[in-house]
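# Observations on chain architecture
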Amino acid sequence: MNTEWEYRERIRKLAVCIVKHYRGKGPDNVKVSLDSPLRITVEIRGTLSNLSEILVHEGAEDKVREYWNVLRPYLEKEFMSEAEKTIGSPFTYTWEVCPSVHGDGHIIITLELQHIHRLD
């Protein structure tokens, strides 16, 4: 039986797996919110490298976005089928880099599902 908590936890574990692949360690905090039946928000703190933190802090967010645009096809190739299986639906997503205040820069990923995942 899948509860909402179990569903969020499966998504969180997948995000941790992806971040470990990227950074070599898990993030300090991965928060999953089920905003609506068709929208999921994943906030990942601690994912920006030290260089990315400096670039964002100095106003060069566009450089960090360029880097993620190069990394994105690789991550999609490696993890998209697992993500769709975990989410239970095909989806599209958007992401944004959020500036750091105290070295805790983060990324917010918003998933838009094509159909509602059933929590049986």
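To be clear, the structure that these remarks concern was listed above.
Residues numbered from 1 in each chain as written. Predicted model: local features only at pLDDT ≥ 70, side-chain atom pairs only at ≥ 80, totals over all residues. Heavy atoms only, no water.

### Side note on the overall build of the protein
- Of regular secondary structure, the protein possesses 3 helices and 4 strands.
- For the protein, the sequential pattern of α-helices and β-strands runs α-β-β-α-α-β-β.
- Every one of the 120 residues in the protein was classed for burial, and the buried ones make up 37%.
- Restricting the contact set of the protein to residue pairs at least 6 apart, pairs at least 24 apart contribute 58%. (Helix = DSSP H or I, 4+ residues; strand = E, 2+ residues; numbered from the N terminus. Buried < 20%, exposed > 50% of the residue type's maximum accessible area, 1.4 Å probe, protein only. Contact = heavy atoms within 4.5 Å.)

### Concerning the pairing of strand β1 (residues 29-36)
- The pairing of β1 with strand β2 (residues 39-45) spans 7 bridges and is antiparallel. By the bridge assignment, serine 36 is partnered in β2 with arginine 39.
- Between β1 and β2, which pair antiparallel and follow one another directly, the connecting turn spans 2 residues. (Pairing = 2+ DSSP bridges.)

### Considering helix α2 (residues 50-57)
- Turning to α2, its buried residues are Ser52, Glu53 and Val56. Buried positions in α2, seen along its axis, are confined to an arc of 105 degrees and lie on one side of it. Turned more than 90 degrees off the buried face of α2, the exposed positions are Asn50, Leu51 and Ile54.
- On its buried side, α2 packs onto α3 (61-87) and β3 (91-98).
- One or two positions beyond α2, positive phi appears at glycine 59, with a value near 85 degrees. (Arc of directions from axis to C-beta.)

### Side note on the environment of glycine 88
- For glycine 88, the location among the structural elements is in the loop between α3 and β3.
- Once the C-alpha coordinates of glycine 88 and isoleucine 116 are considered, the two residues, 28 residues apart in sequence, prove to be 8.2 Å apart.
- Beyond its immediate chain neighbours, meaning those up to four positions away, glycine 88 contacts His115 and His117.

### What to know about α3
- When the terminal C-alpha atoms of α3 are compared, their 29 Å separation across 27 residues is substantially less than the 39 Å that a helix rising 1.5 Å per residue should span.
- Its maximal kink placed at phenylalanine 79, α3 deviates by approximately 55 degrees.
- For α3, the set of buried residues is Val64, Trp68, Leu71, Leu75, Phe79, Ala83, Thr86 and Ile87.
- Directly after α3, the chain includes glycine 88, whose backbone phi takes a positive value near 90 degrees. (Expected span 1.5 Å × (residues − 1). Bend = angle between axes of the 7 residues up to and from the residue.)

### Observations concerning the environment of histidine 115
- Within the secondary structure, histidine 115 is located in the segment after β4 (106-113).
- Classification of histidine 115 as partly exposed rests on a relative accessible area of 39%.
- A C-alpha to C-alpha distance of 8.6 Å links histidine 115 and glycine 88, two positions 27 residues apart in sequence.
- When neighbours within four sequence positions are excluded, histidine 115 is seen to be in contact with Leu38, Gly88, Ser89 and Pro90.

### Focus on the packing of α2 against α3
- Put simply, α2 and α3 touch, their axes get as near as 7 Å, and they point 140 degrees apart. With respect to α3, the element α2 is oriented oblique. From α2, Ser52, Leu55 and Val56 reach across to α3, where they touch Glu61, Lys63 and Val64.
- Across the contact of α2 with α3, the residue classes tally to 3 nonpolar, 1 polar and 2 charged. (Axes fitted to C-alpha atoms, helices over the stretch in contact; angles between N-to-C directions. Parallel < 35°, antiparallel > 145°, perpendicular 65-115°, else oblique. Nonpolar A, V, L, I, M, F, W, Y, C, P; charged D, E, K, R; others polar.)

Treat this as a map of the structure, not an account of what it does.
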